[in-house]
Amino acid sequence: MQKLEQLYEGKAKKVFKTDDPKLYIVDYKDDATAFNGEKKGTIASKGVVNNKMSAIIFKQLEERGVPTHLVKLLSDRETLVKAVRILPLEVIIRNVAAGSFSQRYGVEEGTELAKTVLEFSYKNDALGDPLINDDHILALRLATQEQLDTVRKYAFMVNDFLKEFFLKSDLRLIDFKIEFGECDGEIILADEISPDTCRLWDVHTGEKMDKDRFRRDLGNVEETYREVLKRVEEHQ
């Protein structure tokens, strides 16, 4: 598979064309950002951790009926994926109050929510990725009703799987963000699932094992990312 010109560079990844128009190569970076890009830095080996973990998780989600963009892992930092048109939506699932949810609604971090919450935000850096609802999405033609229904169904399937998946590694899934794309008329899971996109707390100590260590200057960021991957790999 030949790697051709770069199509896109985001905060955490580069995407390249290949000699097959239906396949892209994703190259994971060590760059780290927070607060819509206001805070920037580097987390050594983050790209390796996120690439490997996403591949492990996406493969298992495929086996459970959630279609994904994953084709195969190419190297420590590169994955071959299906070419998708990304929906301009961030899909956020919250099991426990934390982060911006706690700030918006005045709920103490760590409070178990009476119901799992699904939120949408408009994927637009210039606007600060504002929260939107179904009516906004349909009015702005960001997705169709059928696509939204599919996204909701898959998002809750991903949540059910991830809670069990991470619990095996003594990690509690607090919340996470995922993205979906369209490929050959089908909605599929894309982007990544990693300590960058999930809030994970140690089951026994409550220690934060995710990007909050970078956001909140908690230290041991690189070590924590590597520890999460180590635990996940040990329980495969």
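Keep in mind that this is a model prediction, so the values were computed, not measured. Along each chain, the written sequence defines residue order, and numbers are assigned to residues from 1. Only residues with pLDDT of at least 70 get local features here, since the model is predicted, and only at 80 or more are side-chain atom pairs given and counted; chain-wide, interface and lining totals rely on the full set of residues. With hydrogens and water excluded, all non-hydrogen atoms of the structure serve as input to the side-chain values.

Things to note about the pairing of strand β12 (residues 171-183)
Phase 1: The rule is simple: take the accessible area with a 1.4 Å probe, protein chains only, and divide by the maximum for that residue type; under 20% is buried, over 50% is exposed, in between is partly exposed. Numbering of helices and strands starts at the N terminus; helices are DSSP runs of H or I of at least 4 residues and strands are runs of E of at least 2. Burial analysis of β12 places 10 of its 13 residues in the buried class, which makes it a mostly covered element.
Phase 2: Pairing of strand β9 (residues 89-96) with β12 involves 4 bridges; the strand directions are antiparallel. Within β12, the position partnered with V91 by the bridge is I178.
Phase 3: Any two strands between which DSSP finds at least two bridges are classified as paired. Relative to strand β14 (residues 198-202), β12 runs antiparallel, the two sharing 5 bridges. Bridge assignment links F176 to a residue of β14, and that residue is C198.

Looking at the pattern of salt bridges
Phase 1: Criterion for a salt bridge: a side-chain nitrogen of Lys or Arg within 4 Å of a carboxyl oxygen of Asp or Glu. Applying the stated criterion across every chain yields a total of 31 salt bridges.
Phase 2: A salt bridge links K17 to E5, with the shortest nitrogen-to-oxygen separation between them at 3.4 Å. Here the residue K17 occupies a position in strand β2 (residues 13-18), and E5 occupies one in strand β1 (residues 3-9), the gap between them amounting to 12 residues.
Phase 3: Looking at E5, the relative accessible area reads 45%, which means it is partly exposed.
Phase 4: K52 serves as the salt-bridge partner of D76, at 3.5 Å between the closest nitrogen and oxygen. With D76 in the loop between β6 (70-73) and β7 (78-82) and K52 in helix α1 (residues 46-63), this residue pair connects regions lying 24 residues apart in the sequence.
Phase 5: Classification of D76 by relative accessible area gives partly exposed; the value is 42%.
Phase 6: The exposure class of K52 is partly exposed, given its relative accessible area of 24%.

A short note on helix α6 (residues 221-234)
Phase 1: In this scheme, a helix's expected span is set at 1.5 Å multiplied by one less than its residue total. With 14 residues, α6 extends 20 Å from end C-alpha to end C-alpha; this agrees with the ideal 20 Å at 1.5 Å per step.
Phase 2: Taken together, the buried positions of α6 are V221, T224, Y225, V228, L229, R231 and V232. Buried residues of α6 fall within an arc of 160 degrees about the axis and therefore sit on the same side.
Phase 3: Residue contacts are defined here by distance: any two heavy atoms, one from each residue, within 4.5 Å place the two residues in contact. On the buried face of α6, the contacting elements are α1, α4 (145-167), β12, β14 and α5 (212-215). Along the arc lie the directions from the helix axis toward the C-beta atoms.

Considerations on the environment of S45
Phase 1: Summarising the element assignment, S45 is placed in the loop between β5 (39-42) and α1.
Phase 2: On the basis of relative accessible area, S45 is assigned to the partly exposed category, the value being 28%.
Phase 3: Separated by 181 residues in the primary sequence, S45 and R226 have C-alpha atoms spaced 8.0 Å apart.
Phase 4: Leaving out residues up to four positions away in the same chain, S45 has contacts with D30, R77 and R226.

Brief notes about the sheet that holds β6
Phase 1: The strand order β1-β2-β3-β7-β6 describes an open sheet built from 5 strands, whose pairing is antiparallel. The strands lining the two open edges of the sheet, one partner per strand, are β1 and β6. Ignoring which end each strand starts from, the neighbouring axes of this sheet average 30 degrees apart.
Phase 2: Packing of α1 onto the sheet brings it into contact with β3 (23-28), β6 and β7, and relative to β6 it is tilted by some 130 degrees. Interaxial angle, 0 to 180 degrees, is taken between N-to-C directions of lines fitted to C-alpha atoms, where a helix line uses only the stretch in contact.

Focus: the nonpolar core
Phase 1: Working definition of a nonpolar core: buried Ala, Val, Leu, Ile, Met, Phe, Trp, Tyr and Cys residues. They are joined through side-chain atoms within 4.5 Å. Membership of the largest hydrophobic core comes to 49 residues, with the highest contact counts inside it found for I57, F166 and I193.
Phase 2: Among all residues touching F166, those that are not within four sequence positions of it are M53, I57, L171, L173, C198, L200 and V232.

As for the packing of α1 against α6
Phase 1: In the contact formed by α1 and α6, the axes pass within 10 Å of each other and the chain directions differ by 25 degrees. Taken together, α1 and α6 sit at an angle that is classed as roughly parallel. In the packing of α1 onto α6, the handedness of the crossing is left-handed. Taken together, the residues of α6 that come into contact with α1 (itself represented by K46, V49, N50, K52, M53 and I56) are Y225, R226, V228, L229, V232 and E233.
Phase 2: Taken together, the residues that form the contact of α1 with α6 break down as 7 nonpolar, 1 polar and 4 charged. Here roughly perpendicular refers to angles of 65 to 115 degrees, roughly parallel to angles under 35, roughly antiparallel to angles over 145, and oblique to all remaining angles. Note: crossing handedness is left-handed where the near helix turns anticlockwise from the far helix by less than a right angle, and right-handed where it turns clockwise. In the scheme used here, Gly and all other residues not listed as nonpolar or charged are polar, with Ala, Val, Leu, Ile, Met, Phe, Trp, Tyr, Cys and Pro taken as nonpolar and Asp, Glu, Lys and Arg as charged.

Observations regarding the packing of α1 against α4
Phase 1: Their axes nearest at 11 Å, the elements α1 and α4 cross at an angle of 125 degrees. The pairing of α1 with α4 is recorded here as oblique in orientation. Handedness of the α1/α4 crossing: right-handed. Residues M53, I56, I57, Q60 and L61 of α1 form the contact with α4, whose participating residues are V158, F161, L162, F165 and F166.
Phase 2: Among the residues making up the contact of α1 with α4, the classes are represented as 9 nonpolar, 1 polar and no charged.

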